[in-house]
Amino acid sequence: MADKPRSEPLDRRRFLKAAGLAGAGAAVASTVASGSAGAQQTPDPLITEVQDWNRYLGDGVQARPYGSPSQFEKHVVRRDVEWLTVSRESSVNFTPLHELDGIITPSGLAFERHHGGIAEIDPAKHRLMINGLVDKPLVFTMDDLKRMPGRINRAYFLECAANSGMEWRGAQLNGCQFTHGMIHNVWYTGIPLKTLLDEAGVKTSGKWIMPEGADSSAMTRSIPIEKAMKDCLVAFGMNGEALRPEQGYPVRLVVPGWEGNMWVKWLRRIEVGDEPWHAREETSKYTDLLADGRSRRFTWIMDAKSVVTNPSPQAPLKRKGPNVLTGIAWSGRGAIQRVDVTLDGGRNWTTARLDGPSMPLSMARFYLDFDWDGRELMIQSRAMDDTGYVQPTKHELRQVRGVNSIYHNNGIQTWLVRQDGEVENVEIA
Amino acid sequence: MSRLRNGLLFVALLAFALPAGAQTKKTGLGRAALAEEIAAWDIDVRPDGAGLPVGRGSVKQGEEIYLERCAACHGEFGEGAGRYPVLAGGAGTLNKENPDKTIGSFWPYASTVFDYVRRAMPFGNAQSLTPDETYALTAYMLNMNDLVKEDFELSKENFAQVQLPNAANFYDDDRETTEKAFWKANPCMKDCKPEAPRILGRARALDVTPDNKSGPRVE
């Protein structure tokens, strides 16, 4: 099936070459059509002629026993940046945020991060062990987990701590898929981790847990027992069906609001201990190196953040007149309460409209319907959560943290919309 | 703080908290884990040495194993082949423009080296090293970083004596105090900047945007 996608994303380099780098704005401004479609001179054959899909029978039921998106949506895929990592088994790809709407990420588009490739596990062969400082070390099968009382459903965002990590020193990647795409937001089905820990009986000396994965990286992290007991889930479902292999099938840990690396996939063991383990992923990685050479550790919470997904470099403006600006916001400290948007680089802000539920530790969706008169815009969004935290500017973040921390960059993103409608990732003062 | 102001559908926070407090009734699901099963999976090691297996290995032995099973990716001297992780060097770079974070310059604990190599290396053939081999490799990587001498032998007994130089430079998350300013009561809405904003940098000038071609092919 080599059909070309109908609306292939613009080839930016070719476009820039054709336009000439300097003064491109004025030269190509005329490519942006004005507002309304205008008067139709000749009848539209799409209306006056009977189309194939209008005349002939289409596929019957069961032609697509597991449905997939329209052939015209083939460009909507996860993408990676090959030069970022040395091997695809230890790598990351990115959610195409600019092609999505609402707050739920479709399972097949949720970004992937693996440290040893995707483990393919027969659920009949999967075991989950709880050991360490417990009264009774236990082994569960998937059948056991699915018989556990108290199953619940929750929507939570999962953001990699390294999301936007490339952008600390300045604008780098042209596209919100690449600058902000290490995030997804799905409905989980599972049981509270507390249920399993109570079944094993955590001793009073048990202060930390260490989830471990069954994949070839045997991922481990240390999590305080309070968080484990408060809202962590052992999840086997996402978006109403089984977890996808790349998201930890048959079972993963859900650690709401906290950095994605802790949400151990292919979860096979939970050890209870009295101290943290200082695993590689909480020492060598996922610690925040500050300007003075010292490092913050255990920076688990993902602070409030937002990004405008349309317009953005992969989704330029095509027409003057009415346009829909939209984006997403989230906070690891609570629910998103408000998102403000500026079109003039932060001089004046307008509170955007939130649509759909704004649930704690889940993505929120915002809109600003606006009229574009063809002028250059500098678009930013600023999220606020219900603890009163306001998403900082990149400058404010750097003042505290320097530029070497890699992780936890939740600074305000700027998109420059040029007069030709093309959008660039820029930094402004 | 009118929660309805934005027309939000606010789901009460409480509805999302899990049934807290008292222990839930036991279900009797699951079965007792056997000692052999726990021993097979419980391979983690902590900074205080908890979890270390019985065993020992020298820098010399480690060098041999390393050259055979690790150097192809990590380089003969831990310098990293291609873009594989660098394992040695970088001392004194942590507060510089391009910090080099290695076992010697950055990692706080030697136990992390042992634990990680034991569970995840060599890449693609994990958990294939014996405890003695893991001690030897850990000793060799410490030696590569000038932290132990060439005639050093690492064992369960002397493990806790190994201190890494950067251990004291980690501290717990303090964002709620050092970044208190980010909890702003009323962020500015009108005339927030005296001058028109200036562009400081553009992504396209750095030309690191991936081609559309580099995305996965869609069948």
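Here is what the cut-offs are and how they apply
- Residues numbered from 1 in each chain as written.
- Chains lettered and ligands numbered in written order.
- Predicted model: local features only at pLDDT ≥ 70, side-chain atom pairs only at ≥ 80, totals over all residues.
- Heavy atoms only, no water.
- Helix = DSSP H or I, 4+ residues; strand = E, 2+ residues; numbered from the N terminus.
- Buried < 20%, exposed > 50% of the residue type's maximum accessible area, 1.4 Å probe, protein only.
- Contact = heavy atoms within 4.5 Å.
- Areas by Shrake-Rupley, 256 points an atom, 1.4 Å probe, with all protein chains shown as cover.
- Core = buried A, V, L, I, M, F, W, Y, C linked by side-chain atoms within 4.5 Å.
- Patch = residues over 30% accessible without salt bridge, like charges linked within 9 Å, V, L, I, M, F, W, Y side chains within 5 Å.
- Salt bridge = Lys/Arg side-chain N within 4 Å of Asp/Glu carboxyl O.
- Lys, Arg positive; Asp, Glu negative; His and termini not counted.
- Charge placed at Lys NZ, Arg CZ, Asp CG, Glu CD.
- Polar contact = N/O pair within 3.5 Å; in protein donor to acceptor, adjacent residues only side chain to side chain.
- Nonpolar A, V, L, I, M, F, W, Y, C, P; charged D, E, K, R; others polar.
- Pairing = 2+ DSSP bridges.
- Domains from an automatic or database assignment.
- Buried area = accessible area lost by both parts, 1.4 Å probe.
- Axes fitted to C-alpha atoms, helices over the stretch in contact; angles between N-to-C directions.
- Parallel < 35°, antiparallel > 145°, perpendicular 65-115°, else oblique.

1. Structural notes on the overall build of chain B
Phase 1 of the analysis: Scanning chain B from N- to C-terminus turns up eight helices and five strands.
Phase 2 of the analysis: Scanning chain B from its N terminus toward the C terminus, one meets helices and strands in the order α-β-α-β-α-α-α-α-β-β-α-β-α.
Phase 3 of the analysis: Expressed as a percentage of the 219 residues in chain B, the buried residues total 40%.
Phase 4 of the analysis: Long-range contacts, defined as pairs at least 24 residues apart, comprise 57% of the intrachain contacts of chain B with a sequence gap of at least 6.
Phase 5 of the analysis: When the accessible surface of chain B is totalled, it reaches about 12,600 Å², and 54% of it is carbon and sulfur.

2. Some remarks on the overall build of chain A
Phase 1 of the analysis: The helix and strand inventory of chain A stands at nine helices and 24 strands.
Phase 2 of the analysis: By principal-axis analysis of the C-alpha atoms, chain A measures approximately 80 × 65 × 40 Å.
Phase 3 of the analysis: Each of the 429 residues in chain A was classed as buried or not, and the buried ones make up 64%.
Phase 4 of the analysis: Looking at chain A alone, contacts between residues at least 24 apart form 73% of all its contacts between residues at least 6 apart.
Phase 5 of the analysis: Of the roughly 16,200 Å² of accessible surface on chain A, a fraction of 52% belongs to carbon and sulfur atoms.

3. Here's the deal with the nonpolar core
Across soluble globular proteins, you tend to see nonpolar side chains buried next to one another.
Phase 1 of the analysis: Membership of the largest hydrophobic core comes to 62 residues, with the highest contact counts inside it found for Leu145, Tyr188, Leu193, Leu196, Leu197, Ile209 and Val234 of chain A.
Phase 2 of the analysis: Leave out the neighbours within four places in its chain, and Ile209 of chain A touches Leu193, Leu197, Arg221, Ser222, Ile223, Ile225, Ala228, Ile270, Glu271, Val272 and Trp277 of chain A.
Phase 3 of the analysis: If you look at the next biggest cluster of nonpolar residues, it comprises 37 residues, including Cys70, Ala71, Trp107 and Tyr140 of chain B.

4. Let's talk about a negative patch on the surface
Residue and element names in this part refer to chain B.
Phase 1 of the analysis: A cluster of like negative charges, contributed by Glu63, Glu64, Glu68, Glu76, Glu79, Glu150 and Asp151, occupies part of the molecular surface.
Phase 2 of the analysis: Along the polypeptide, Asp151 turns up in the loop between α6 (131-144) and β3 (153-155).
Phase 3 of the analysis: Look at Asp151 and you get exposed, because its relative accessible area is 69%.

5. Remarks on the pattern of salt bridges
Phase 1 of the analysis: Taken as a whole, this structure holds 47 salt bridges over all chains when the rule is applied.
Phase 2 of the analysis: Lys203 of chain A is the salt-bridge partner of Asp135 of chain A, the closest N and O atoms lying 3.8 Å from each other. Here the residue Asp135 of chain A occupies a position in the loop between β4 (127-132) and β5 (138-141), and Lys203 of chain A occupies one in the loop between α7 (193-200) and β8 (208-213), the gap between them amounting to 68 residues.
Phase 3 of the analysis: Among the ionic pairs, Arg338 of chain A bridges to Asp340 of chain A, the shortest N-O distance being 2.8 Å. No difference in accessibility class separates Arg338 of chain A from Asp340 of chain A, as the two residues are buried.
Phase 4 of the analysis: Within the structure, one salt-bridge network assembled from shared partners comprises Glu212, Arg268, Arg269 and Glu271 of chain A together with Asp42, Asp44, Asp115 and Arg119 of chain B.

6. So, the interface of chain B and chain A
A common measure of how large an interface is: the accessible area buried when the components associate.
Phase 1 of the analysis: Taken together, the contacts link 99 residues of chain B with 131 residues of chain A.
Phase 2 of the analysis: In this structure, Arg296 of chain A engages Glu179 of chain B in a salt bridge whose closest nitrogen and oxygen atoms are separated by 3.0 Å.
Phase 3 of the analysis: The interface formed by chain B and chain A includes 49 residue pairs in polar contact (both at pLDDT 80 or more).
Phase 4 of the analysis: Class assignment of the residues belonging to the side of chain B that touches chain A gives a composition of 49 nonpolar, 18 polar and 32 charged.
Phase 5 of the analysis: When strand β15 (residues 295-297) of chain A meets strand β4 (residues 170-172) of chain B, the two strands line up parallel, connected through three bridges. Looking across to β4 of chain B, one finds that Arg296 of chain A is bridged to Tyr171 of chain B.

7. Some words on the sheet that holds β4 of chain A
Phase 1 of the analysis: The mixed open sheet is built from six strands, whose spatial order is β9(A)-β8(A)-β13(A)-β4(A)-β5(A)-β1(B). Both edges of this open sheet fall to β9 (223-224) of chain A together with β1 (31-32) of chain B, since each of them pairs with a single strand only.
Phase 2 of the analysis: Where β8 of chain A and strand β13 (residues 267-273) of chain A come together, six bridges link them in antiparallel fashion. The residue bridging Pro211 of chain A from the neighbouring strand is Ile270 of chain A, located in β13 of chain A.

8. Side note on the domain arrangement of chain A
Residues and elements named next belong to chain A.
Phase 1 of the analysis: Partitioning chain A into structural domains gives domain 1 (113-296) and domain 2 (305-426).
Phase 2 of the analysis: The C-alpha centroid of domain 2 is placed 28 Å from the C-alpha centroid of domain 1.
Phase 3 of the analysis: With 39 residues of domain 1 in contact, the opposing surface of domain 2 contributes 35 residues.
Phase 4 of the analysis: Approximately 3,100 Å² of surface area, both sides summed, lies buried where domain 1 meets domain 2, with 57% of it carried by carbon and sulfur atoms.
Phase 5 of the analysis: Counting the contacts that link domain 1 with domain 2 gives two salt bridges.
Phase 6 of the analysis: Lys305 is the partner of Glu159 in a salt bridge, and the nearest nitrogen-oxygen pair spans 2.8 Å.
Phase 7 of the analysis: Scanning the region where domain 1 abuts domain 2 turns up 20 residue pairs in polar contact (both at pLDDT 80 or more).
Phase 8 of the analysis: Broken down by secondary-structure element, the contributors of at least two residues to the side of domain 1 that touches domain 2 are β6 (152-159), α6 (176-180), β7 (183-192) and β14 (288-289).

9. So, the packing of helix α3 (residues 59-69) of chain B against α6 of chain B
Residue and element names in this part refer to chain B.
Phase 1 of the analysis: Taken N-terminus to C-terminus, the directions of α3 and α6 make an angle of 95°; their axes are 7 Å apart at the nearest point. Taken together, the axes of α3 and α6 are roughly perpendicular relative to one another. Across the interface between the two elements, Val59, Gln61, Gly62, Glu63, Ile65, Tyr66 and Arg69 from α3 touch Glu133, Ala136, Leu137, Ala139, Tyr140, Asn143 and Met144 from α6.
Phase 2 of the analysis: A breakdown of the residues in the contact of α3 with α6 according to their chemical character gives eight nonpolar, three polar and three charged.

10. What about the pairing of strand β23 (residues 414-417) of chain A?
Residue and element names in this part refer to chain A.
Phase 1 of the analysis: The two faces of β23 match: Thr414 and Leu416 on one face and Trp415 and Val417 on the other face are all buried.
Phase 2 of the analysis: Two elements, strand β22 (residues 377-385) and β23, share three bridges in a ladder whose sense is antiparallel. Residue Met378 lies in a different strand from β23, and its bridge partner there is Leu416.
Phase 3 of the analysis: Note: β23 against strand β24 (residues 423-428), four bridges, orientation antiparallel. Across the sheet, residue Trp415 finds its bridge partner in β24, namely Asn425.

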